[in-house]
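One letter stands for each residue in the lines below.
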Amino acid sequence: SYHYVLDKNRRLCPPNVLGELYLGGEGLAIEYLNRPELNAEKFVADPFQNGQRLYRSGDLVRYLSNGDIEFLNRIDQQVKIRGFRIELGEIEQQLLQHPEVRETIVTAQGEERPQGAAGHQARGRPEVRKEPRGLRGAILQRGRGRCAP
């Protein structure tokens, strides 16, 4: 397997320049199951090796002068909570499906490694109390347990 640090135009980044980590080689997954739009986004042609594919990790990294790779952040809103990679936007979408929720903002709790569920703020209609009834249960019922606040 191999990796590259590439800029937004998929050109190699020199040391100390931020880019996204791309992974390739024999150990590369084939695809996400039943997710063609995600496959098109994450699995791309390798610009340096004909016929090969790369996986866009979403990790913002840079090469250090000694050749090590330093992880800096995520390019997207993906966080790892209790061992699962979760998009914060997916949690927001689950909350917005509740009939009493009008707006929501989701953030991960914890600086380095979020350990608990993502924190959330859901603003419902004015006549609804602070946390809509059955919010967690509704999300769990849709089979989205990892997204439950």
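None of these values were measured; they are calculated from a predicted model.

Draft legend 1. Molecular detail of the pattern of salt bridges. Applying the stated rule across the entire model yields five salt bridges. Taking the shortest distance from any N to any O, the salt bridge between Arg11 and Asp7 comes out at 3.2 Å. Using a relative accessible area of 21% as the deciding quantity, one classes Asp7 as partly exposed. Between Glu70 and Arg62 there is a salt bridge, and its shortest N-O distance comes to 2.6 Å.

Draft legend 2. Looking closely at the nonpolar core. Of all hydrophobic cores here, the largest spans nine residues; its members are Val79, Ile81, Ile86, Leu88, Ile91, Leu95, Val101, Val106 and Leu135. Looking at this core, the elements with two or more residues in it are strand S6 (78-81), helix H2 (88-96) and strand S8 (101-107). When residues in this core are grouped by element, the largest group, three residues, is from H2.

Draft legend 3. Region of interest: the environment of Thr107. Looking at the element boundaries, Thr107 is found in strand S8. In the structure, Thr107 is positioned 15 residues away from Glu92 in sequence and 9.6 Å away in space, judged by C-alpha atoms.

Draft legend 4. Spatial organisation of the packing of aromatic side chains. Applying the stated criterion across every chain yields a total of five aromatic pairs. On the basis of an interplanar angle of 50° and a centroid distance of 5.3 Å, the ring pair of Phe43 and Tyr55 is categorised as tilted. Of the two residues, Phe43 sits in strand S3 (residues 43-45) while Tyr55 sits in strand S4 (residues 53-63), which places them twelve residues apart along the sequence. Look at Phe43 and you get buried, because its relative accessible area is 11%.

Draft legend 5. Spatial organisation of the side chain of Asp59. Topologically, Asp59 is positioned in strand S4. Under the relative-accessibility criterion, Asp59 is labelled buried at 14%. In terms of polar contacts, Asp59 uses its side chain to reach the side chain of Arg74, at 2.6 Å. Every residue in contact with Asp59, bar those within four places of it in the chain, is listed here: Gly19, Glu20, Leu21, Phe71, Asn73, Arg74 and Ile75.

Draft legend 6. Molecular detail of unusual backbone geometry. Not every positive phi belongs to a glycine, and Asn16 is a case in point at roughly 70°. Its location among the elements puts Asn16 in the loop between strand S1 (2-6) and strand S2 (19-24). The phi angle at Asn34 is positive, at roughly 55°, despite the residue not being glycine. Summarising the element assignment, Asn34 is placed in the loop between S2 and helix H1 (36-42). Accessibility expressed as a relative area gives 67% for Asn34, which makes it exposed.

Basis of the calculations
Residues numbered from 1 in each chain as written. Predicted model: local features only at pLDDT ≥ 70, side-chain atom pairs only at ≥ 80, totals over all residues. Heavy atoms only, no water. Salt bridge = Lys/Arg side-chain N within 4 Å of Asp/Glu carboxyl O. Buried < 20%, exposed > 50% of the residue type's maximum accessible area, 1.4 Å probe, protein only. Core = buried A, V, L, I, M, F, W, Y, C linked by side-chain atoms within 4.5 Å. Helix = DSSP H or I, 4+ residues; strand = E, 2+ residues; numbered from the N terminus. Phe/Tyr/Trp six-rings, centres within 6.5 Å; stacked < 30°, edge-to-face > 60°. Polar contact = N/O pair within 3.5 Å; in protein donor to acceptor, adjacent residues only side chain to side chain. Contact = heavy atoms within 4.5 Å.

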